[in-house]
Amino acid sequence: MVAIPSIVVVGLIWLPALSSVVLSFTRWNGIGNLSAHDFVGLTNYRNIATNYPPFWPAMTHNLIWLLVMFFVATPAGMFLAVLLDKEIRGTRVYQMALYMPVVLSLALIGFIWQLIFSQQNGLLNAVTGSTIDWFGDQRYNLWAALVATSWRQVGYIMLLYLAGLKAVDHSLREAAAIDGCTESKAFFRVIFPVMRPINVIILVVTFIESLRAFDLVWIINRGRNGLELIATLVTQNVVGEASRIGFGSALATVMLLISSGFIVIYLRVVMKGDR
Amino acid sequence: MTTVALDQSRTVGSAPMVRKKRTTPARRLLHVFLIVVAATWIFPLLWALYNSFRNYSYTAIHGYASFGGFTVSNFTNAWKQGDFTRHFLNSAIITIPAVVLTLLLSSMVAFVVSRFTYKFNLALLGMFTAANLLPPQALLIPIYRMFRAIPVPLWINDSGTLLNSLWGLIAINTAFQTGFCAFVLSNYMKTIPMELYEAADVDGASVFRQWWQLTLPLCRPPLAALATLEVTWIYNEFFWATVLLQSGDKFPITSSLNNLQGQFFTDFNLLSAGSIIVALPTLIVFFLLQKQFVSGLTMGSTKG
């Protein structure tokens, strides 16, 4: 009974992942069969680091992406969750407004924010009178993309965190209140530490999603001109003009290596109770 | 499940909680703050909605930050120019089988993992769950080559291979989503009492029947939640459709946005209408099945 699902997942996910690693040590161009003399060791990795101009900008952009998600979107989502967890009237309406973007695809979000960021027809320039090409100018487009993506991420984090807060044993709060804790003190000293598993999961999700960021920048300008990300570089090397399989695989392997650390952390947290 | 009980206890509340609920200036400030944030949040969507109802010539003269020139023709034009009938059909052809297959496969995995305590169960579940978290781009090259090398009969796909075929997309979406669903379902299935299965064993029900006739009906709540969530996710899927399909007429609606951009570029009213149409199915799912949607999202993270 597990045979069929295993074949699907191993065949379409794990074997390709391993193949990416193997191919990353070759200079195979995809024509003919892979033979022994195609293996070139770490050459591809060396070329990526020293001889491939978009790589370091892409790494920097991914890092900026991560930092914004981590220090802006995630705390904002958590903060809103804490506010909405208080018993206030209309809390469901507020919640709905905040997580509505979560159901939209990131590609569509790029489309919708075009209406605000466009140089000629966008709302932002119409109101402020500026002439900045927000999605086109490489000084600004990363930040514009981050605004659009945060729009979705804040709602997502809010939702996850709210669910976590609701699951916290209520007597803990009461105990803290009786002991004379202020609300903020109770949150940071009592509630926050109790929520360690969900905190870790949100962290891991933030890291992984920042690494995988792709749809939004691809819809803006296919990840060029200021919006290079690791994910778009891999795609460009395969789907684009030249099929540089070995080289693209090395980029893919870099992604795999970074994500595997977070995947291990995630599995350790979510499967802890099963042991 | 525990959250329901908690919510009730909270509304009953103890003395300090009741006192806090009274309207204080701080409370009012909180409301004002939340109203502002919520309004800001839905503004981009409302802006798209507003402009989708205005005609091009009016906004060309008066600018977008103006009032007037209302029309509904953008929707019909966008539908026609974007060839939305075809693209929605493609989305349906991909999404429906992929969601059904994902739920079938993942429920099998979850059933085995939660029902039998073999030693390797944890590793097995780990393998499935982790697959969901890998960056898709890291698998792109082998998948692309593999799909190009797998021949399929021409009546299935005109290119003669799995590349550039909707079947390939169904396969890859299923493979990716099975891990997440298996994880959520296995957590749920672990709460089903073992005695039920013992009784089924005594009655001579096969393992297959125990899965199909006993476990699946009991798992209706998580299955409904996951189905809702997976429909929106697979409908929204962009990357694989973009790289594995080569002819524009095969794109599902989300990836066809890339093509649309060129056509709609000068006419932002058309762009707005197109965005609203594409968003509509997920927004409808969201409004009608909000509870399922949310519980599906949160089940995975907080262990039910």
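Read on for an overview of the structure. Because the structure is predicted, anything quoted here is derived from the model rather than measured.

Some remarks on the overall build of chain A
Thought 1: For chain A, the count of helices and strands is 13 helices and zero strands.
Thought 2: For chain A, the α and β elements follow one another from N to C terminus as α-α-α-α-α-α-α-α-α-α-α-α-α.
Thought 3: In terms of overall dimensions, chain A has C-alpha extents of about 75 × 60 × 35 Å along its principal axes.
Thought 4: Taken over 275 residues, chain A has a buried fraction of 55%.
Thought 5: Sequence separation of 24 or more characterises 65% of the internal contacts of chain A that already satisfy a separation of 6 or more.

Considerations on the overall build of chain B
Thought 1: Within chain B, the regular secondary structure consists of 16 helices and zero strands.
Thought 2: The C-alpha atoms of chain B give 24 Å as radius of gyration, which overshoots the globular expectation for 304 residues (19 Å, by more than 25%).
Thought 3: Projected onto its principal axes, the C-alpha coordinates of chain B cover approximately 80 × 70 × 35 Å.
Thought 4: For chain B, the residues scored as buried account for 55% of the 304 residues in total.
Thought 5: Considering only contacts within chain B whose residues lie at least 6 apart along the sequence, 70% involve residues at least 24 apart.
Thought 6: Accessible area for chain B stands at about 13600 Å²; split by element, carbon and sulfur atoms hold 70% of it.
Thought 7: Measuring between centres, the 20 positive side-chain charges of chain B sit 14 Å from its 11 negative side-chain charges.

Side note on the nonpolar core
Nonpolar side chains in soluble globular proteins tend to end up buried together.
Thought 1: Within the largest apolar cluster, 190 residues are counted, with the highest numbers of intra-cluster contacts made by W65 and L104 of chain A together with W240 and L244 of chain B.
Thought 2: For this core, the element with the highest residue contribution is helix α7 (residues 141-166) of chain A, accounting for 15 residues.
Thought 3: In this structure L244 of chain B touches I143, Y144, F147, L163, N164, S165, L169 and I172 of chain B, once residues within four positions along its chain are discounted.

Remarks on unusual backbone geometry
Residues and elements named next belong to chain B.
Thought 1: Even without glycine at this site, D83 takes up a positive phi of about 55°.
Thought 2: Considering the arrangement of structural elements, one finds D83 in the loop between α5 (73-81) and α6 (84-115).
Thought 3: The exposure class assigned to D83 is partly exposed, which follows from its relative accessible area of 32%.
Thought 4: With a phi angle near 60°, N164 is a residue other than glycine that sits in the positive phi range.
Thought 5: Positionally, N164 belongs in the loop between α8 (140-149) and α9 (166-189).

Quick notes on the interface of chain A and chain B
Thought 1: Taken together, the contacts link 96 residues of chain A with 96 residues of chain B.
Thought 2: Counting the surface lost from both chain A and chain B, the interface buries some 9100 Å², and carbon and sulfur atoms represent 76% of this.
Thought 3: For the chain A face of the interface with chain B, the top three residues by lost area are M1, E87 and F111 of chain A, together amounting to 9%.
Thought 4: At the surface where chain A touches chain B, the tally comes to zero salt bridges.
Thought 5: Seen at the junction of chain A and chain B, the total is 11 residue pairs in polar contact (both at pLDDT 80 or more).
Thought 6: Take the side of chain A that touches chain B: its biggest share by element is 15 residues, from helix α1 (residues 3-23) of chain A.
Thought 7: In terms of residue class, the side of chain A that touches chain B is built from 66 nonpolar, 17 polar and 13 charged.

Focus: the packing of helix α5 (residues 106-117) of chain A against α7 of chain A
Residues and elements named next belong to chain A.
Thought 1: Across the interface, α5 lies against α7 with an axial gap of 10 Å and an inter-helix angle of 125°. One way to sum up the angle between α5 and α7 is to call them oblique. Viewed along their axes, α5 and α7 form a crossing whose handedness is right-handed. Every residue of α7 that contacts α5 at L106, I109, W113 and F117 is listed here: A144, V147, A148, T149, W151 and R152.
Thought 2: Looking at the contact of α5 with α7, its residues break down into eight nonpolar, one polar and one charged.

Quick look at the packing of α6 of chain B against α9 of chain B
Residue and element names in this part refer to chain B.
Thought 1: Between α6 and α9, whose axes approach to 6 Å, the crossing angle comes to 35°. Remark: the crossing between α6 and α9 carries right-handed chirality.
Thought 2: Among the residues forming the contact of α6 with α9, the class breakdown is 17 nonpolar, 10 polar and no charged.

What about the pattern of salt bridges?
Side chains bearing opposite charge may pair, as long as their charged atoms lie close to each other.
Thought 1: In the structure shown here, the tally under the stated rule is eight salt bridges over all chains.
Thought 2: Among the salt bridges present, the one from E183 of chain A reaches K86 of chain A, with a minimum N-O distance of 2.7 Å. Here E183 of chain A, found in helix α9 (residues 183-194), pairs with K86 of chain A, found in the loop between α3 (55-85) and α4 (91-99); they are 97 residues apart in sequence, far enough to count as distant.
Thought 3: Residue classification places E183 of chain A among the partly exposed residues on the basis of a relative accessible area of 47%.
Thought 4: Classification of K86 of chain A by relative accessible area gives partly exposed; the value is 24%.
Thought 5: Where D201 of chain B meets R115 of chain B, a salt bridge forms, and the shortest distance between an N and an O atom there is 3.2 Å. Here R115 of chain B lies in helix α6 and D201 of chain B lies in helix α10 (residues 194-202), a separation of 86 residues in the sequence.
Thought 6: By sharing partners, the salt bridges in this structure join D85, K166 and R173 of chain A into a single network.

The rules behind the values
Residues numbered from 1 in each chain as written. Chains lettered and ligands numbered in written order. Predicted model: local features only at pLDDT ≥ 70, side-chain atom pairs only at ≥ 80, totals over all residues. Heavy atoms only, no water. Helix = DSSP H or I, 4+ residues; strand = E, 2+ residues; numbered from the N terminus. Buried < 20%, exposed > 50% of the residue type's maximum accessible area, 1.4 Å probe, protein only. Contact = heavy atoms within 4.5 Å. Rg over C-alpha atoms; globule rule 2.2 N^0.38 Å. Areas by Shrake-Rupley, 256 points an atom, 1.4 Å probe, with all protein chains shown as cover. Lys, Arg positive; Asp, Glu negative; His and termini not counted. Charge placed at Lys NZ, Arg CZ, Asp CG, Glu CD. Core = buried A, V, L, I, M, F, W, Y, C linked by side-chain atoms within 4.5 Å. Buried area = accessible area lost by both parts, 1.4 Å probe. Salt bridge = Lys/Arg side-chain N within 4 Å of Asp/Glu carboxyl O. Polar contact = N/O pair within 3.5 Å; in protein donor to acceptor, adjacent residues only side chain to side chain. Nonpolar A, V, L, I, M, F, W, Y, C, P; charged D, E, K, R; others polar. Axes fitted to C-alpha atoms, helices over the stretch in contact; angles between N-to-C directions. Parallel < 35°, antiparallel > 145°, perpendicular 65-115°, else oblique. Left-handed = near helix turned anticlockwise from the far one by under 90°.

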